[in-house]
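# Notes for the structure review
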Amino acid sequence: MAKMRMDLLVTLALGQVLSLLICGIGLTSKYLADDFHANTPVFQGFLNYILLFLVYTTTLAVRQGEENLLAILKRQWWKYMILGLIDIEANYLVIKAYQYTTLTSVQLLDCFVIPVVLLLSWFFLLVRYKAAHFIGVGVCLLGTGCMVGADVLVGQQQGSGEQKLLGDLLVLAGATLYGISNVCEEFIVKNWSRVEFLGMMGLFGSFFSGIQLAIMEHKELLRLAWDWQIGLLYIGFSACMFGLYSFMPVVMKRTSATSVNLSLLTADLYSLFCGLFLFHYKFSVLYLLSFFIIVLGLILYSSSSTYMAQDPRVYKQFRNTGAQPATALPHLGPLEPSVTYTSLDQELVEEPPVRVV
């Protein structure tokens, strides 16, 4: 019991680290868009992919055997290419939205990624949820609704853009692509490795975003009045984005894509608290209430483990690999028909990797 409590606290703490990184990404993007009129969403993503390439792709290049870069490309290069394109455009759409809508709107509408991840996890990862999970998601979204109510009550405008609807639509489209990317990331880091995912994102992300940058933003980069302030903002954005990409697979392997995205809801509150000092936003006690409601929802969601349906099409290859029969597994208590339970503690029950062709 004590270990379960500790695991829950660690999971919540790791999620808040990700939220702080998201807050940093949002603040630097907003400053670049508003104060320096930097219309460079592709360039900002390109900087992150270059860092991933230098650290993780080169790591794969020097590995031996089946985990080598060339071996991975030979097996499934086209899958990573598609995933890289999805990730690039998700970043582009959300960063682009900061030019048209508010900081709060961007991070509130990002909540749309949660139902996307739930649906994709249900149909493609075969994750099955219990009542506690749906209640937890509902409570988290209720906390987000409190935050919206606080904005309305204090009359906070936060510098709304003239084309706010366009910005909101860009966020929704980006959130949908993020949902696809996150579910694929969860599958890869739990069945292969974190370095493989990040290395492939660095390879294809830097290549295709470099092409997109040369076509769309080369004139914009020349137009910018470069100085130390704008340079620091780009460095800060790149550091936060690189930290988010590097750290998120660690948290996702421990929990799930859904749990990670629920944790990221608190990033909205961190952005608002920063706005109190940086943009002189008005304070409302509802902000604190929404924070505690979101944390309560996270605790409810994390308090119960999900389980996986054993679809014969997915597990056919696994059963043909000569793995130990189900009777050899340790007794886990009464199971529902044709399901396998998973736990937040990945070290207790190590499931053999499942590869889907």
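Residues numbered from 1 in each chain as written. Predicted model: local features only at pLDDT ≥ 70, side-chain atom pairs only at ≥ 80, totals over all residues. Heavy atoms only, no water.

Looking at an unreviewed UniProt entry, one finds the protein chain named Solute carrier family 35 member F1, with Myripristis murdjan as its source organism. Taken verbatim from the UniProt record of the protein chain, the Subcellular location (unreviewed entry) comment is "Membrane". Its UniProt record gives the protein chain a comment under Sequence similarities (unreviewed entry), which states: "Belongs to the SLC35F solute transporter family." (UniProt positions renumbered as here; feature names shortened; annotations may be inferred.)

### Side note on empty space enclosed by the protein
For the structure shown, the criterion picks out three cavities of 30 Å³ or more. Of the pockets and cavities examined, the largest cavity occupies roughly 510 Å³. Forming the walls of the largest cavity are 29 residues, and the residues nearest its centre are Ile 22, Asp 110, Tyr 178, Leu 244 and Leu 264. Of all the secondary structure elements, the ones that give two or more residues to the lining of the largest cavity are helix H1 (2–34), helix H3 (69–97), helix H4 (103–109), helix H5 (113–123), helix H7 (164–191), helix H10 (228–254), helix H11 (257–263) and helix H12 (266–278). Within the lining of the largest cavity, the residues separate by chemical class into 19 nonpolar, six polar and four charged. Empty space within the second largest cavity amounts to approximately 40 Å³. Ranked by residues supplied to the lining of the second largest cavity, first place goes to helix H2 (residues 41–62) with five residues. Among the residues making up the lining of the second largest cavity, the classes are represented as six nonpolar, four polar and no charged. (1 Å grid on protein atoms, 1.4 Å probe; cavity = no way out; pocket = protein on both sides within 12 Å on 5 of 7 lines; lining within 4 Å. Points joined across faces, edges and corners; volume = space filled by probe spheres on them. Helix = DSSP H or I, 4+ residues; strand = E, 2+ residues; numbered from the N terminus. Nonpolar A, V, L, I, M, F, W, Y, C, P; charged D, E, K, R; others polar.)

### Some remarks on the packing of H2 against H10
Two elements in contact, H2 and H10, have axes separated by 9 Å at closest approach and are oriented at 55°. By the angle class used here, H2 and H10 are oblique. Judged by the twist between their axes, the crossing of H2 over H10 is right-handed. Taken together, the residues of H10 that come into contact with H2 (itself represented by Phe 43, Gln 44, Gly 45, Leu 47, Asn 48, Tyr 49, Leu 51, Leu 52, Val 55 and Tyr 56) are Tyr 234, Phe 237, Ser 238, Met 241, Phe 242, Tyr 245 and Ser 246. (Axes fitted to C-alpha atoms, helices over the stretch in contact; angles between N-to-C directions. Parallel < 35°, antiparallel > 145°, perpendicular 65-115°, else oblique. Left-handed = near helix turned anticlockwise from the far one by under 90°. Contact = heavy atoms within 4.5 Å.)

### Observations regarding the nonpolar core
Of all hydrophobic cores here, the largest spans 85 residues; its most connected members are Tyr 80 and Leu 262. Residue contacts for Leu 262: discarding those within four places in its chain leaves Ile 114, Val 137, Cys 140, Ile 294, Leu 298 and Tyr 301. (Core = buried A, V, L, I, M, F, W, Y, C linked by side-chain atoms within 4.5 Å. Buried < 20%, exposed > 50% of the residue type's maximum accessible area, 1.4 Å probe, protein only.)

### Re unusual backbone geometry
Trans is the common state for peptide bonds, and a negative phi is the common state for residues other than glycine. The phi dihedral of His 37 is positive, around 50°, even though this residue is not glycine. One can find His 37 in the loop between H1 and H2. A relative accessible area of 54% places His 37 in the exposed class. Even without glycine at this site, Leu 126 takes up a positive phi of about 60°. Assignment of secondary structure puts Leu 126 in the loop between H5 and strand S1 (127–128).

### Describing a nonpolar patch on the surface
A cluster of nonpolar side chains, namely Leu 119, Trp 122, Phe 123, Phe 124 and Phe 134, defines an oily patch on the protein surface of about 590 Å² accessible area. Sort the elements by how many residues they give to the nonpolar patch and H5 lands first, with three residues. With respect to the element layout, Phe 134 can be found in helix H6 (residues 131–154). (Patch = residues over 30% accessible without salt bridge, like charges linked within 9 Å, V, L, I, M, F, W, Y side chains within 5 Å. Areas by Shrake-Rupley, 256 points an atom, 1.4 Å probe, with all protein chains shown as cover. Salt bridge = Lys/Arg side-chain N within 4 Å of Asp/Glu carboxyl O.)

### Structural notes on the pattern of salt bridges
A full pass over the atoms with the stated rule returns five salt bridges. Measuring nitrogen to oxygen at the nearest pair gives 3.5 Å for the salt bridge that ties Lys 30 to Asp 34. Linking Lys 30 with Asp 34, this pair stays in helix H1, spanning four residues, or about one helical turn. Owing to a relative accessible area of 6%, Lys 30 belongs among the buried residues under this scheme.

### Observations concerning the packing of aromatic side chains
Summed over the entire model, instances satisfying the criterion amount to ten aromatic pairs. Judged by centre distance (6.3 Å) and plane angle (80°), the ring pair of Tyr 49 and Tyr 245 falls under edge-to-face. In this pair, Tyr 49 is assigned in helix H2 and Tyr 245 in helix H10, connecting sequence segments 196 residues apart. Between Tyr 129 and Phe 134, the ring centres sit 5.9 Å apart and the planes meet at 65°, which makes this aromatic pair edge-to-face. Looking at Tyr 129, the relative accessible area reads 8%, which means it is buried. (Phe/Tyr/Trp six-rings, centres within 6.5 Å; stacked < 30°, edge-to-face > 60°.)

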